[in-house]
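One-letter residues, chain by chain:
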Amino acid sequence: MPVLPKRKVGLISCSGEELPEGTLSRVTTLQVLERLRPHDTVTLCLPLFLAGDDKERAFARFYPMIAIDGCDKRCAALATEKYSAQPTASIVIPEFLAARGLDAPHSRRQLDAAGERAVDALAQEIARRVDDILGVKHAHVAEEQVAKSEVVTATCSCGSGIPVTRLNIAGKDVEVVALPLIFEQFYGDGKSPDELFTMVKVYNAIPPELEPAYREATQRAFAEYVPAPEKSGG
Amino acid sequence: MDYLETIVDKFVFRVARDCRYNDADIWAKRVNDRVRVGLTDFLQQKSGDVAFVNLPSTGKSLNANDALVALETIKVDLEIAAPISGRIIAVNDALTAHPELVNDDPYGEGWLAELEPSNWADYDALLDAETYLPQMKARAELEREK
Amino acid sequence: MTESKRVMIVPCSGIGKAYGSVGREAMYALLEDLCPDTTDTVCLSLLTLGDAEAQAQVRDQPTITIDGCPSACAKVNVEAAGGKPMAEFRVYDVYRAHRELKVRSVSELGDAGREMARILAEEIAAKVDEVSRQPPVNSQQSTV
């Protein structure tokens with residue numbers, strides 16, 4: 001039986017070559033991916049939204065995303081929304097630094113002491129938001145307590161392969177993520193239609209006002225998936 | 001070419017239906033009286049972009065699990081073991097100039113070597129695609145959790 | 001009036017792969033050390049987003065891309081913005097020419113990564129110099 005991917009939080013960082021805060025965004029994201037929450041997070045290279053194919057965009061809809069941006073142009077947040085779906089959370093680094101009274105780094109090439117302090121604070125904030133999204137509680141782990149052997153090399157998610165199905169919902173063609181996987185699991189487990197829709201909502205961001213239409217469309221799709229029972233003679 | 005596919009976490013892995021497999025994630029395919037071998041899609045994705053391929057000499061005889069081909073990727077150094085016993089009849093010389101073929105077309109143009117089997121029973125004992133797929137998937141899931 | 005155009009150096013973001021970090025470091029080496037007066041960069045994210053000003057930069061100025069993996073995000077995004085790279089560099093090719101340089105970490109380049117970035121930056125600098133030696137563009141045509 002196929003297994004739905006474990007729910008993780010996607011982190012998408014701006015590339016930010018032009019600004020020190022852009023480098024801060026990148027370094028902090030790697031910190032969370034490799035050290036603070038290596039088993040709860042994945043990342044996607046932002047430019048892959050254009051250079052990849054449907055799978056990269058489906059990835060960003062399949063996982064709840066946190067966008068991390070180095071400036072108020074908010075490339076990560078806006079591109080995620082443009083190509084896929086609105087991120088679950090968005091952090092704009094200058095706003096975060098100002099709120100915490102932290103100095104911005106001065107160099108875009110190599111983070112200075114101010115940059116290192118900013119990384120620590122920002123990484124902890126992102127980790128906290130990951131925990132909130134996943135509904136888990138992690139004991140606070142200071143970075144120095146993470147042994148080197150626990151560091152996980154971040155890998156990007158190029159080639160996500162999450163299946164995408166087009167459904168007609170409220171008169172429009174809409175892409176819904178992971179339906180074949182959800183259907184196969186539910187068909188095998190014999191769960192109720194309500195539980196099916198709950199699972200669909202876990203993997204797809206559905207506007208509240210459209211929930212009834214989505215529910216109907218996914219249940220219709222599931223009915224087509226389920227083989228018709230054999231008719232008894234008589 | 002016809003494939004089975006599986007998704008693990010965020011990756012898609014393909015398994016060619018017309019090949020046989022071992023648990024080192026090497027494929028083998030009968031081509032007339034020879035067996036052609038190469039890396040599976042799972043192994044090439046896991047290993048990264050291949051940069052150098054050290055091919056063996058033809059004519060050499062080896063046993064199953066003897067070192068066959070050495071690969072260097074941008075991430076790791078790999079030693080590929082022969083899935084069957086036999087004599088090396090051919091090697092894919094194209095890989096010297098184009099090692100990326102191993103990643104781009106692992107079941108086709110990215111083949112590594114061809115062997116004349118000592119015993120066809122070795123080949124028959126390898127896993128078919130349907131049997132290999134769930135075992136590979138389990139290894140991929142374990143890899144994901146590292 | 002004549003004007004010289006800076007060469008835009010556009011590396012991929014490569015947050016998931018070590019070679020993305022190498023490309024980024026090579027770009028900074030060019031902008032800050034080797035060709036500070038003749039190069040500039042633009043955030044790849046802005047191109048992905050479709051920022052008009054960023055797109056104009058890669059269309060109107062000579063551009064060199066640096067990619068860390070076969071996805072070639074820098075090249076694809078520049079071309080999607082209407083730009084045409086005058087040269088495309090791949091970090092992979094530096095490794096093919098310098099087999100001893102093994103870079104295994106995205107977040108820490110190490111000596112091998114920094115050396116790879118230096119070699120790449122010098123190759124690109126030669127290309128930048130070639131472009132910079134070309135006659136500057138006349139923005140006003142004089143009539144006789």
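Predicted model only: the values in this text are computed from it and were never measured.

## Some details on the overall build of chain B
In terms of helices and strands, chain B carries 5 helices and 11 strands. The C-alpha atoms of chain B give a radius of gyration of 14 Å, which matches the 15 Å a tight globule of 146 residues would have. A principal-axis box enclosing the C-alpha atoms of chain B has dimensions of 40 × 30 × 25 Å. Expressed as a percentage of its 146 residues, the buried residues of chain B come to 42%. For chain B, restricting intrachain contacts to residue pairs at least 6 apart in sequence, the fraction spanning at least 24 positions comes to 64%.

## Some words on the packing of helix 5 (residues 93-100) of chain A against helix 6 (residues 113-134) of chain A
All names here are of chain A. Axis separation between helix 5 and helix 6 bottoms out at 11 Å; the angle between their running directions is 105°. By the angle between their directions, the pair helix 5 and helix 6 is classed as roughly perpendicular. Only Ala 118, Ala 121, Leu 122 and Glu 125 of helix 6 make contact with helix 5, whose side of the interface consists of Ile 93, Phe 96, Leu 97 and Arg 100. Partitioned by chemical class, the residues of the contact of helix 5 with helix 6 number 6 nonpolar, no polar and 2 charged.

## Brief notes about the interface of chain C and chain A
Bring the parts together and some accessible area is lost; that lost area is often taken as the interface size. Contacts between the two partners involve 28 residues from chain C, matched on the other side by 32 residues from chain A. Mapped onto the side of chain C that touches chain A, the elements with two or more residues apiece are helix 1 (18-34), helix 2 (44-49) and helix 4 (73-80) of chain C.

## Points about the sheet that holds strand 9 (residues 77-81) of chain B
All names here are of chain B. Sheet architecture is open: 3 strands sit in the order 6-8-9, paired in antiparallel fashion. Strands at the two margins of the open sheet, each flanked by one partner only, are strand 6 (50-54) and strand 9. Sheet twist, expressed as the average angle between the axes of neighbouring strands with direction ignored, equals 25°. Pairing analysis gives 4 bridges linking strand 6 to strand 8 (residues 67-73), with the strands arranged antiparallel. Along strand 8, the bridge assignment pairs Val 53 with Leu 71.

## Observations regarding the sheet that holds strand 2 (residues 7-11) of chain C
All names here are of chain C. Read from one edge to the other, the open sheet built from 4 strands follows the order 3-2-4-5, with strand pairing classed as parallel. Looking along the sheet, the strands with just one partner apiece sit at the ends: strand 3 (39-40) and strand 5 (87-90). Sheet strands in contact with helix 1 are strand 2, strand 3 and strand 4 (63-67), and its direction is about 160° off that of strand 2.

## What to know about the environment of Ala 113 of chain A
Inspection of the secondary structure assignment puts Ala 113 of chain A in helix 6. With 10 residues separating them in the primary sequence, Ala 113 of chain A and Asp 103 of chain A have C-alpha atoms 9.5 Å apart.

## Let's talk about the pairing of strand 10 (residues 86-91) of chain B
All names here are of chain B. Alignment of strand 7 (residues 61-62) against strand 10, held across 2 bridges, turns out to be antiparallel. Each bridged residue has a counterpart across the sheet, and for Leu 62 the counterpart in strand 10 is Gly 86. Note that strand 10 and strand 11 (residues 113-117) share 5 bridges and pair antiparallel. Of the residues in strand 11, the one forming a bridge with Val 91 is Ala 113.

## Examining the confidence of the model for chain A
Residue and element names in this part refer to chain A. Taken residue by residue, chain A gives an average pLDDT of 79. The fraction at 70 or more is 77%. Across chain A, element-level confidence peaks in helix 5 with a mean pLDDT of 96 and bottoms out in helix 3 (residues 54-62) with 70. Low pLDDT, under 50, characterises residues 139-150; the predicted model gives this stretch 5 contacts beyond four residues in sequence or across chains.

## Let's talk about the packing of helix 1 (residues 20-36) of chain A against helix 6 of chain A
Residue and element names in this part refer to chain A. Contact geometry of helix 1 with helix 6 gives a least axis separation of 9 Å together with a crossing angle of 55°. Comparing the axis directions of helix 1 and helix 6 gives the class oblique. Where helix 1 crosses over helix 6, the two elements pack in a sense that is right-handed. Residues Pro 20, Leu 24, Val 27, Thr 28, Gln 31, Val 32 and Leu 36 of helix 1 lie in contact with helix 6, whose contacting residues are Gly 115, Ala 118, Val 119, Leu 122, Ala 123, Ile 126 and Ala 127.

## Digging into the nonpolar core
Membership of the largest hydrophobic core comes to 102 residues, with the highest contact counts inside it found for Ile 9, Ala 26, Leu 30, Leu 120 and Ile 124 of chain C. When residues of this core are assigned to domains, at least three fall in each of domain 1 (9-150) and domain 2 (164-225) of chain A. Beyond its immediate chain neighbours, meaning those up to four positions away, Leu 120 of chain C contacts Val 22, Ala 26, Phe 89, Val 91 and Val 94 of chain C. Membership of the second largest hydrophobic core comes to 36 residues, among which are Ile 26, Val 69, Tyr 107 and Ala 113 of chain B.

Parameters at a glance
- Residues numbered from 1 in each chain as written.
- Chains lettered and ligands numbered in written order.
- Predicted model: local features only at pLDDT ≥ 70, side-chain atom pairs only at ≥ 80, totals over all residues.
- Helix = DSSP H or I, 4+ residues; strand = E, 2+ residues; numbered from the N terminus.
- Rg over C-alpha atoms; globule rule 2.2 N^0.38 Å.
- Buried ≥ 20, exposed ≤ 12 C-beta atoms within 10 Å, placed from the backbone.
- Contact = placed C-beta atoms within 7 Å.
- Axes fitted to C-alpha atoms, helices over the stretch in contact; angles between N-to-C directions.
- Parallel < 35°, antiparallel > 145°, perpendicular 65-115°, else oblique.
- Nonpolar A, V, L, I, M, F, W, Y, C, P; charged D, E, K, R; others polar.
- Pairing = 2+ DSSP bridges.
- pLDDT = per-residue confidence, 0-100.
- Left-handed = near helix turned anticlockwise from the far one by under 90°.
- Core = buried A, V, L, I, M, F, W, Y, C linked by C-beta atoms within 7 Å.
- Domains from an automatic or database assignment.

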